[in-house]
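# What the coordinates show
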Amino acid sequence: MVSTKTIDSFLERIAKDDSKQSVTNFRMSVPLMEGDYQFYKGIEQWQHVYPAAEFGKDESDNLVFKKSNGLLMLHFTNLTTDQDMEAARKAARLLPMTFAAITGADGRSLIVLVSICDEEGSTPEKEADAEQLYQHAYEQAKPLYLSQLQAELKEEKPTMKANFMLTLDPSPYYNSKAVAMRISRNRLTTTAVPKAVDSLKAFNDYEFLYRKAAKEAAEEMVEAEMNWTNEKDQLLARISAIATKLCHMGLS
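Residues numbered from 1 in each chain as written. Predicted model: local features only at pLDDT ≥ 70, side-chain atom pairs only at ≥ 80, totals over all residues. Heavy atoms only, no water.

Across its full length, the protein carries six helices and ten strands. Within the protein, the proportion of its 252 residues that are buried is 44%. Across the protein, contacts joining residues at least 24 apart in sequence account for 73% of those joining residues at least 6 apart. (Helix = DSSP H or I, 4+ residues; strand = E, 2+ residues; numbered from the N terminus. Buried < 20%, exposed > 50% of the residue type's maximum accessible area, 1.4 Å probe, protein only. Contact = heavy atoms within 4.5 Å.)

Below, the structure is given as structure tokens:
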């Protein structure tokens, strides 16, 4: 997992702009570029953040995997007003597995970092296993966060090398006690529908799975030590967490 020292240093770095006001000037130009930033002066030299893993570089300047940070990146875009941005940030904050939610460099996007682990509660040491976990996590977290944030997700190939431009955000959301989303590598995508919908056995099976999911979700929310502003937010977060667990059990 990413160290507290590392994340604290990063949050301190993005709390204010550099001496050239790079992010501030970039954001002023964003409305004129209509989403195409490739020709912005200095864009090729802009620093990027790789949240999913620690990387080094070889002699040819290629990225070399060191270890997984247990984080998944979701990049939400087209949040053109302050109200859109805050609504998306608040929605992300309600989910106990959200590690951080940070305003993107363009000022119109939100970088959501999701804490993830395998079914045993750990992160793989080998790059191939960590990459596979990341891709499975993307497919399982994507529908949940899309439903929760009701915002546009940037479509990109899920990979641990996913990155975002170094940004400016003096008040990002950060939860050091985020509960890692356990990722199933053998998730069932379909479930047989009982022929007799009034079958007592089928009802008992579904009730058992629901109670199990509800119990686990409640325990995770307590562990995350969230400070809820109202009961409605807490209820919505619990429903989302339960729905995710039921999907992992093969129910949809």
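Now for helix α3 (residues 82-93). Between its terminal C-alpha atoms α3 stretches 16 Å, which fits the 16 Å expected from twelve residues at 1.5 Å a residue. When we look at burial in α3, the residues that qualify are Met85, Ala88, Arg89, Ala91 and Ala92. Down the axis of α3, the smallest arc covering the buried residues is 160°, so these residues share one side. Set apart from the buried face of α3 by more than 90 degrees, the exposed residues are Asp82 and Gln83. (Expected span 1.5 Å × (residues − 1). Arc of directions from axis to C-beta.)

The subject of this paragraph is the packing of aromatic side chains. A full pass over the atoms with the stated rule returns seven aromatic pairs. Arranged with centres 4.9 Å apart and planes meeting at 75°, the rings of Phe26 and Tyr40 form a pair that is edge-to-face. One end of the pair, Phe26, is in helix α2 (residues 22-33); the other, Tyr40, is in the loop between α2 and β1 (48-49), with 14 residues separating them in the sequence. The two residues Phe26 and Tyr40 agree in class, both being buried. Between Phe26 and Trp46 the ring centres are 5.2 Å apart and the planes differ by 55°, which places this aromatic pair in the tilted class. Note that Phe26 is positioned in helix α2 and Trp46 in the loop between α2 and β1, a separation of 20 residues in sequence. Note on accessibility: Phe26 and Trp46 belong to one class, buried. Taken together, Phe26, Tyr37, Tyr40 and Trp46 form an aromatic cluster joined through their ring pairs. (Phe/Tyr/Trp six-rings, centres within 6.5 Å; stacked < 30°, edge-to-face > 60°.)

A separate point is the pairing of strand β2 (residues 53-57). The side chains of a regular strand alternate between both faces of the sheet. With five bridges connecting them, β2 and strand β3 (residues 63-68) associate as antiparallel partners. Across the sheet, residue Gly56 finds its bridge partner in β3, namely Val64. Between β2 and β3, which follow one another and run antiparallel, lie five residues, and Asp61 among them has a positive phi close to 70°. (Pairing = 2+ DSSP bridges.)

Counting buried positions over the nine residues of strand β6 (residues 110-118) gives nine, a clear majority of the element. Both faces of β6 are covered, namely the face carrying Leu110, Val112, Val114, Ile116 and Asp118 and the face carrying Ile111, Leu113, Ser115 and Cys117. As paired strands, strand β5 (residues 98-103) and β6 are joined by five bridges and run antiparallel to one another. Across the sheet, the residue bridging to Ile102 is Ile111, located in β6.

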